[in-house]
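One-letter residues, chain by chain:
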Amino acid sequence: MPEWLAEHSIEIFGAIAGILYVFLEIRQNILLWPLGIITSAVYIFVFRENGFYAGMVLQLYYLVISVYGWRVWWHGARSMGQRAESMEQKPGLAVRRIGLKTGVICLAVSLALWGGLWYVLDRWTDSPVPLWDGLITSLSVVATWMLTHKILEQWHVWIIANSLAVVVYLVVGMYPTTVLFFVYAVMAVVGLREWRKSPVENN
């Protein structure tokens, strides 16, 4: 057991950081973004070591989108008159419902990304599950963009993506990551319930 823990220490650290990230997301706390940068850096290494190349690219995307999300939430809070030193985002950028046009665009982007990633992973990498790796990645890309704008329906996308990831990572033997995504799936349900309690804007 100690040997296994030592061999998977980086993956375990990433899993713990990832769980804390989602907790902060549920709380609508702006500190989720810097923590997301750390978590993504860890999982770039983890996914590369396990042949999940789409997942690795996804983490690079997370690094960039975390900086963007941090900026959007911060300026959203400032524009609502929050004090600069406040870290709680609830009084700032409001939770909103997705509009029809945005929903159609998100669906189209998800399908296009899935098809492209599936093709690339199947043809040019040794990914053990190119179809599923591509699908989880495409859903996660869109859900993270939705998070930067505090769109309530991002939680529905996360529930689907995380549930798929649990099965995939369990099959390939990435057990700490399987536990992480199981917790993610459960916390996505909790997050949906909690965000529904906030004042919600309709687009």
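All of these numbers come straight from a predicted model, not from anything done at the bench.

Attention now goes to the confidence of the model for the protein chain. With 90% of its residues at a pLDDT of 70 or more, the protein chain has an overall mean of 85. Below pLDDT 50 for its whole length, residues 80–91 participates in 26 contacts with residues either more than four positions away or in separate chains.

Among the secondary structure elements, threonine 148 is positioned in helix 6 (residues 130–148). Within polar-contact distance, the side chain of threonine 148 engages the backbone oxygen of tryptophan 145 at 2.5 Å. Ignoring sequence-local partners within four residues, the contact set of threonine 148 consists of Trp33, Ile65, Tyr68, Gly69, Val72, Trp73 and Leu93.

The grouping of Trp4, Leu170 and Tyr175 at the surface amounts to a nonpolar patch, some 300 Å² of accessible area in total. Mapped onto the fold, leucine 170 is located in helix 7 (residues 154–172). Take leucine 170: its relative accessible area is 46%, and that puts it in the partly exposed class.

Let us now look at the packing of helix 2 (residues 9–26) against helix 3 (residues 32–49). In contact at an axis separation of 9 Å, helix 2 and helix 3 are set at 150° when each is read in the N-to-C sense. Our classification of the angle between helix 2 and helix 3 gives roughly antiparallel. Of the two possible hands of crossing, helix 2 and helix 3 adopt the one that is left-handed. Contact residues: helix 2 offers Ile10, Glu11, Phe13, Gly14, Ala15, Ala17, Gly18, Leu20, Tyr21, Leu24 and Glu25, while helix 3 offers Leu32, Trp33, Leu35, Gly36, Ile38, Thr39, Val42, Tyr43, Phe45 and Val46. Per-class residue counts for the contact of helix 2 with helix 3 are 15 nonpolar, 4 polar and 2 charged.

How each quantity is defined
Residues numbered from 1 in each chain as written. Predicted model: local features only at pLDDT ≥ 70, side-chain atom pairs only at ≥ 80, totals over all residues. Heavy atoms only, no water. pLDDT = per-residue confidence, 0-100. Contact = heavy atoms within 4.5 Å. Helix = DSSP H or I, 4+ residues; strand = E, 2+ residues; numbered from the N terminus. Polar contact = N/O pair within 3.5 Å; in protein donor to acceptor, adjacent residues only side chain to side chain. Patch = residues over 30% accessible without salt bridge, like charges linked within 9 Å, V, L, I, M, F, W, Y side chains within 5 Å. Areas by Shrake-Rupley, 256 points an atom, 1.4 Å probe, with all protein chains shown as cover. Salt bridge = Lys/Arg side-chain N within 4 Å of Asp/Glu carboxyl O. Buried < 20%, exposed > 50% of the residue type's maximum accessible area, 1.4 Å probe, protein only. Axes fitted to C-alpha atoms, helices over the stretch in contact; angles between N-to-C directions. Parallel < 35°, antiparallel > 145°, perpendicular 65-115°, else oblique. Left-handed = near helix turned anticlockwise from the far one by under 90°. Nonpolar A, V, L, I, M, F, W, Y, C, P; charged D, E, K, R; others polar.

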